[in-house]
Amino acid sequence: MTFYPIQDYGPVMKGMVIGGLGIFHVFLAQMAIGGGMILCYFEWLRRTRRSPGAGRFIGGYFQALVLVSFVLGAVTGVAMWFTSIQVSPRTIGVLVDEFHWIWATEWTFFCVEVVAGYAFLRYHDRLSDRSRAMVLFFYAMASWFSLFWINGILSFQLTPGNWLAGHSMWAGFFNPTFWPSLFYRTVASMAIAALAACVVINIAGPHERDERQELIKRAVLFLAPMALMPVFGAWFLAAMPADSRSWAMGGNVTMTMFLGMGVGASLLIGLYALAAILRPGFYISGYTASLLLALAFMASAGGEFVREGVRKPYSIRQVMYSNSIKQDDLERMRVTGSTIDDPYPLRDSASYANDQLRLGAKVYRVQCSVCHTKRGANGLVELTSSWTIDQKRMNIAQLQRTKPFMPPFAGPPREVEALVQLLGWMSAGEPASWPETSDPAALARIQGWLDLVGVTPGIELMRTGARDRTAAGLLHALATSRSEAR
Amino acid sequence: MDALFPFGFPWPTAMYLTFYVVTAAIYAVFMHYTLAGALVLAIGRLRVLAHRRASRGPEAETVSLGLLEHVVEDWLPVMLGMAITAGVAPLLFLQILYKQSFYTANLLLFHRFMLLLPALIVAYYMLYLQRSKKLHAWGPWPRAAAVIVVALCFGYTAWAWAENHLLSLHREDWGEFYGSGRWFFPDSELWPRLGYTITAAFATFALVVGWQLAWGRRGHDPGSLDLAARQLRLLALLGLFASAFEAILWYLWLETPAQAALRSILAMPYGVLVFLGIAVQTACWLPVNGGARLTPRRLVIATAGAVGTMLGAVVAREVRRLVALDLSALEESHRQAARVGGMAVFLTFFLVNALVIAACVWIVKRDIAPAR
Ligand code: HEM
């Protein structure tokens, strides 16, 4: 296994960093994608003289599109890449190995997008009608296709589907959530672009209100496909693994909240759009449009958090856990330990009272730090503060049963014990001296707990009903899941 | 390593190396333009400031940028967009080729490296700002400041990439670097490396602007065109001589194994190509004493020379990296990567989209032609 240096973000969780950036990027990218479509439509209105103000709007909107979403979208895209490396180099490594030709293909579309985009921006008022339409079409087509390609990789992480059977790249690409996710994102892009268009029409559109109103009436049409969102959303949820679905639908408070935020914000936008379309002579002011755009941002945020969250405990389902440990390596690591090959020292090595605590700190770094801090957001010291020492031993040894969205513990009893000691030492206020423990009976108990759950993923245990904490219930569940596996 | 690059490697390694080298060379054209362009523009703005101080009175108002700076100012945001986009492809192949060392350097430098992204965003908006009418009304100072910020941002970006590259080569330092929590990786090779990039950037830049001026010839006033052509010649020659010097310096800086590899059949022909290209470009630029000399024929020959220099330099740089890394482990991982599907789709769309791009350029050129 290749070891990478792991950053300590102090009290901030890594997931927050990538989540936060991801939202920005997705929102900007979707604005650009929907923007391409809406511009094609307005160009058609202009050419066919159906809308007198369309020409002026196109120039202004494209300028805004380029200024905001084009470069910012590209840079945040590169930033996503760098951040993914920061969070899990092993995950991105697997994805690059598996999908590099897809990414390379996507890149050829980026190139079209930039060239066509700048060609339109600089020369649109000097091009013939036909040429304008053509260049704009190239731009719109390329930006939608960039969604098409990346969507396959993102949805693969949640539902690798038939890829698991024979590692066929295309099976992984056209995975079970590929289509619902693509359709959903397309509709979301159109909605975001429509709202952005309403903002631009108010700021940089024609001076006469009826001309602006005319344009807004057209732009709002791009909100209409939102009516299909529930369908695509339901399809997506149906194609998701049952456990992931259950996190989002009540199983996990945070994720349910984010889903609620996404659905709620979309619903508000949808209702407003419906009212707007039905009422004759309606108008959306710049202020309202900005507010709606902010709501759309919240909807995207909710969606992205759920997408990142429901993969737990995996970064690539059934292949790699969120802490970058491969499912297939667990069995071996239960014997060898998780830190044995780690060449990176602890930065704060001197501050620990003994070597066992140092081992505990390394175990934490390798296995837990991607989702937990020591003290802070989802902090381990706080989470375990009320537990007795044996509860800590048991619950950490049986990590996947403690919470099914955690991976199984990937080490022998001495690593569990080292981590338990670390947490004890920290909650005792980090005294300068702390005894090392090596009670064989305790280690044997830990081994027993480790063996009881084995390396079966928690979601598997959950599926077979092993949430009850008795050994008998657990054994029963294990027996069922094993016989099912056969 | 006893065959010409990339032929001595197993085919998956050779293939990814080829893709990397070709896409990196394309990217470098745009990167060179932004880097040198920002410096040229910054100097231009400072010159305007100096002139105004020297010649107060009504005349001061008329001091402004020359044609060269105007073209650069106009195109810099576009070129930055292109550099960012073009950079994605080598970034991808880099990860297949050198996964562990690239990721580790990224992780170790962390915010130091990632800061280049906000820096690029700042640079991009500064480029728009410095052209805005509002800023214009405030006089020349804020605009000069804006362009200097842009140049600093690009300089920082170049430094971050070079430092990241060097750290990725020094596996023996990783553990200590991490443990100490240091921010900087001071390796003296940084200087000839960056020195080469920055000086070579001016030669590439001069050539691209040469093409831009030649294409737009009829729209420009002949006097300004002559001046701009002579300025380009100066920049090109300075860049060519200085980069030849930096290339030799860089070579001397390297340790013996790397030097030996560069002298071997693996890289030697590419090294020769670098200097041959420099010679061809020098010969093309020397007689350029006015706009009329920027003929397509001259520019085509200079471009051929520049392609040679660029490819040669990118390959030589790669050989220096290959010497530092454990090739046998890499070759196995390349073999694994080469098993996955999708290459045919990539090659197809590479071709199709290259045609689409060509169509875009052709359409625009055709439509704006009568306006000249
Ligand atoms: C204008 C902004 C930029 C400047 C001035 C710049 C400068 C540089 C320089 C000087 C190097 C050579 C480093 C060395 O070999 O020592 C380099 C390498 C590279 N750059 Fe950029 N860069 C810029 C933006 C970008 C962006 C946005 C990307 C990504 C999309 C990118 C991708 C790359 C890649 C992949 C390499 C090769 C790294 C390696 O082989 O280790 N660059 N850049």
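Residues numbered from 1 in each chain as written. Chains lettered and ligands numbered in written order. Predicted model: local features only at pLDDT ≥ 70, side-chain atom pairs only at ≥ 80, totals over all residues. Heavy atoms only, no water.

**Comments concerning the overall build of chain B**
Helices and strands together make up the secondary structure of chain B, namely 15 helices and zero strands. Against the compact-globule benchmark of 21 Å for 372 residues, chain B has a radius of gyration of 22 Å, which places it among compact chains. Overall, chain B is about 70 × 50 × 40 Å in size when its C-alpha atoms are taken along their principal axes. For chain B, long-range pairs separated by at least 24 residues make up 83% of all intrachain contacts whose partners lie at least 6 apart in sequence. Counting every atom, chain B has about 16,100 Å² of accessible surface; 71% of that belongs to carbon and sulfur. Looking at chain B, you have 30 positive and 21 negative side-chain charges, and the mean spots of the two groups are 10 Å apart. (Helix = DSSP H or I, 4+ residues; strand = E, 2+ residues; numbered from the N terminus. Rg over C-alpha atoms; globule rule 2.2 N^0.38 Å. Contact = heavy atoms within 4.5 Å. Areas by Shrake-Rupley, 256 points an atom, 1.4 Å probe, with all protein chains shown as cover. Lys, Arg positive; Asp, Glu negative; His and termini not counted. Charge placed at Lys NZ, Arg CZ, Asp CG, Glu CD.)

**A few points about the site of the ligand**
Surrounding the ligand, one finds 24 residues, the nearest of these being Y20, Y27, H165, R193 and R317 of chain B. More than one chain lines the surroundings of the ligand; the residues nearby belong to chains A and B. Taking R317 of chain B, its side chain carries an N or O atom lying 2.6 Å from an oxygen atom of the ligand. Contributing elements (two or more residues each) for the shell around the ligand: α1 (11–54), α2 (67–97), α7 (140–169), α9 (190–215) and α13 (296–324) of chain B. (Near = heavy atom within 4 Å. Polar contact = N/O pair within 3.5 Å; in protein donor to acceptor, adjacent residues only side chain to side chain.)

**Details of unusual backbone geometry**
Trans peptide bonds make up the majority, and among non-glycine residues the majority have a negative phi. Backbone torsion omega between K312 of chain A and P313 of chain A reads 5°, so that peptide bond is classified as cis. Along the polypeptide, P313 of chain A turns up in the loop between α12 (286–309) and β1 (314–316). Omega for the bond connecting F5 of chain B with P6 of chain B falls within 30 degrees of zero, at -5°, which places this linkage in the cis form. Along the chain, P6 of chain B falls in the segment before α1. Positive phi is not limited to glycine here, since R49 of chain A has a value of about 55°. Given the relative accessible area of 68%, R49 of chain A is considered exposed. (Buried < 20%, exposed > 50% of the residue type's maximum accessible area, 1.4 Å probe, protein only.)

**Digging into a nonpolar patch on the surface**
On the surface, a nonpolar cluster with roughly 460 Å² of combined accessible area is contributed by W170, F174, W179, F183 and W235 of chain A. One can find F183 of chain A in helix α7 (residues 178–204). (Patch = residues over 30% accessible without salt bridge, like charges linked within 9 Å, V, L, I, M, F, W, Y side chains within 5 Å. Salt bridge = Lys/Arg side-chain N within 4 Å of Asp/Glu carboxyl O.)

**A look at the coordination of the iron atom of the ligand**
Looking at the protein side alone, the iron atom of the ligand has one donor only, Y27 of chain B (OH), at 1.7 Å. If you trace the backbone, Y27 of chain B turns up in helix α1. (Donors = N, O, S within 2.8 Å, 3.2 Å for Na, K, Ca; no water.)

**Some words on the interface of chain A and chain B**
With 62 residues of chain A at the contact, the number on the chain B side is 63 residues. In this assembly, chain A packs against chain B so that about 6,000 Å² is buried in total across both faces, 76% of it on carbon and sulfur atoms. At the boundary of chain A with chain B, the tally comes to two salt bridges. Measuring nitrogen to oxygen at the nearest pair gives 2.7 Å for the salt bridge that ties D74 of chain B to R122 of chain A. On inspection of chain A and its partner chain B, the count reaches 15 residue pairs in polar contact (both at pLDDT 80 or more). If you list the elements that add at least two residues to the side of chain A that touches chain B, you get α2 (54–87), α3 (89–123), α4 (129–158) and α6 (169–173) of chain A. (Buried area = accessible area lost by both parts, 1.4 Å probe.)

**Some thoughts on the packing of aromatic side chains**
What the rule picks out here adds up to 65 aromatic pairs over all chains. Ring geometry for F5 of chain B versus F9 of chain B: centroids 6.2 Å apart, planes at 75°, classification edge-to-face. F9 of chain B carries the same exposure label as F5 of chain B, and that label is buried. Residue placement shows R347 of chain A over the ring face of Y178 of chain B; its charged tip is 4.2 Å from the ring centre. (Phe/Tyr/Trp six-rings, centres within 6.5 Å; stacked < 30°, edge-to-face > 60°. Lys NZ or Arg CZ within 6 Å of the ring centre and 35° of its normal.)

**Description of the side chain of S324 of chain A**
All names here are of chain A. Within the element layout of this structure, S324 appears in the loop between β2 (320–321) and α13 (330–336). Among the residues examined, S324 registers a relative accessible area of 8% and is labelled buried. Once you skip the residues sitting within four places of it in the chain, S324 turns out to touch S88, R90 and T91.

**Section: the packing of helix α3 (residues 99–109) of chain B against α7 of chain B**
All names here are of chain B. Between α3 and α7, the shortest axis-to-axis distance is 8 Å and the interhelical angle comes to 120°. When the interaxial angle is binned, α3 and α7 end up oblique. Our pair here, α3 against α7, has a crossing hand that is right-handed. Along the contact surface, α3 presents S101, F102, A105, N106, L108 and L109, while α7 presents W161, E163, N164, L167 and S168. (Axes fitted to C-alpha atoms, helices over the stretch in contact; angles between N-to-C directions. Parallel < 35°, antiparallel > 145°, perpendicular 65-115°, else oblique. Left-handed = near helix turned anticlockwise from the far one by under 90°.)

**Some details on the domain arrangement of chain A**
All names here are of chain A. Taken domain by domain, chain A consists of domain 1 (14–321) and domain 2 (329–485). Distance from the C-alpha centre of domain 1 to the C-alpha centre of domain 2: 40 Å. At the boundary of domain 1 with domain 2, total buried surface from both sides reaches about 1,100 Å², with 75% on carbon and sulfur atoms. Inspection of the domain 1/domain 2 interface yields zero salt bridges. At the junction of domain 1 with domain 2, the criterion picks out zero residue pairs in polar contact (both at pLDDT 80 or more). If you list the elements that add at least two residues to the side of domain 1 that touches domain 2, you get α1 (14–47) and α10 (242–251). Split by residue class, the side of domain 1 that touches domain 2 holds six nonpolar, three polar and four charged. (Domains from an automatic or database assignment. Nonpolar A, V, L, I, M, F, W, Y, C, P; charged D, E, K, R; others polar.)

**What about α9 of chain B?**
An α-helical turn contains 3.6 residues, so any two residues separated by three or four positions project in the same direction. Here α9 of chain B spans 37 Å end to end across 26 residues, near enough to the 38 Å set by a 1.5 Å rise per residue. With 21 of its 26 residues buried, α9 of chain B lies for the most part within the structure. (Expected span 1.5 Å × (residues − 1).)

**Examining the pattern of salt bridges**
In this structure the tally under the stated criterion is 30 salt bridges over all chains. Salt-bridge contacts for D97 of chain A lead to K99 of chain B; the nearest nitrogen and oxygen are separated by 2.8 Å. Note that D97 of chain A is positioned in helix α3 and K99 of chain B in helix α3, a pairing that runs across two chains. Neither D97 of chain A nor K99 of chain B differs from the other in exposure class; each is buried. Notably, a salt bridge pairs D367 of chain B with R366 of chain B, separated by 3.0 Å at the nearest N-O pair. Among the charged side chains, a salt-bridge network with shared partners connects R185, E304, R307, E308 and R311 of chain A.

**Structural notes on the confidence of the model for chain B**
Residue and element names in this part refer to chain B. Per-residue confidence for chain B gives a mean pLDDT of 93; residues scoring 70 or more make up 97%. The lowest-confidence element of chain B is helix α6 (residues 133–137), averaging 81 in pLDDT; the highest-confidence one is helix α12 (residues 268–285), averaging 98. Prediction confidence for the complex, expressed as pTM and ipTM, is 0.93 and 0.94 respectively. (pLDDT = per-residue confidence, 0-100.)

**Comments concerning α10 of chain A**
All names here are of chain A. All buried positions along α10 are accounted for by D243, S244, W247 and A248. With its buried residues spanning 140° around the axis, α10 presents them on a single face. Away from its buried face by more than 90 degrees, α10 exposes M249 and G250. Looking at the buried residues of α10, the elements they touch are α4, α11 (253–278), α12 and α20 (458–463). (Arc of directions from axis to C-beta.)

**Focus on the nonpolar core**
Counting residues in each nonpolar core, the largest one holds 239 residues, and the members touching the most others are F42 and Y61 of chain A together with F5 and W285 of chain B. For this core, the element with the highest residue contribution is α3 of chain A, accounting for 21 residues. When sequence neighbours within four positions are dropped, the list of residues in contact with F42 of chain A reads A54, F57, I58, L215, R218 and A219 of chain A. (Core = buried A, V, L, I, M, F, W, Y, C linked by side-chain atoms within 4.5 Å.)

**Section: the environment of E69 of chain B**
Residues and elements named next belong to chain B. Looking at where E69 falls in the secondary structure, it is placed in helix α2. Classification of E69 as buried rests on a relative accessible area of 3%. C-alpha of E69 to C-alpha of S55: the two residues are 14 residues apart in sequence and 21 Å apart in space. Contact partners of E69, with chain neighbours within four places excluded, come to V40, L41, G44 and R47.

**Some thoughts on the packing of α4 of chain A against helix α15 (residues 343–368) of chain B**
With their axes 10 Å apart at the nearest point, α4 of chain A and α15 of chain B run at an angle of 155° to one another. In terms of their interaxial angle, α4 of chain A and α15 of chain B are classed as roughly antiparallel. The way α4 of chain A lies across α15 of chain B gives a crossing that is left-handed. Here S131, M134, V135, F138 and W149 of chain A of α4 of chain A lie close against α15 of chain B, whose contacting residues are V345, F349, V356, A359, C360, I363, R366 and D367 of chain B.

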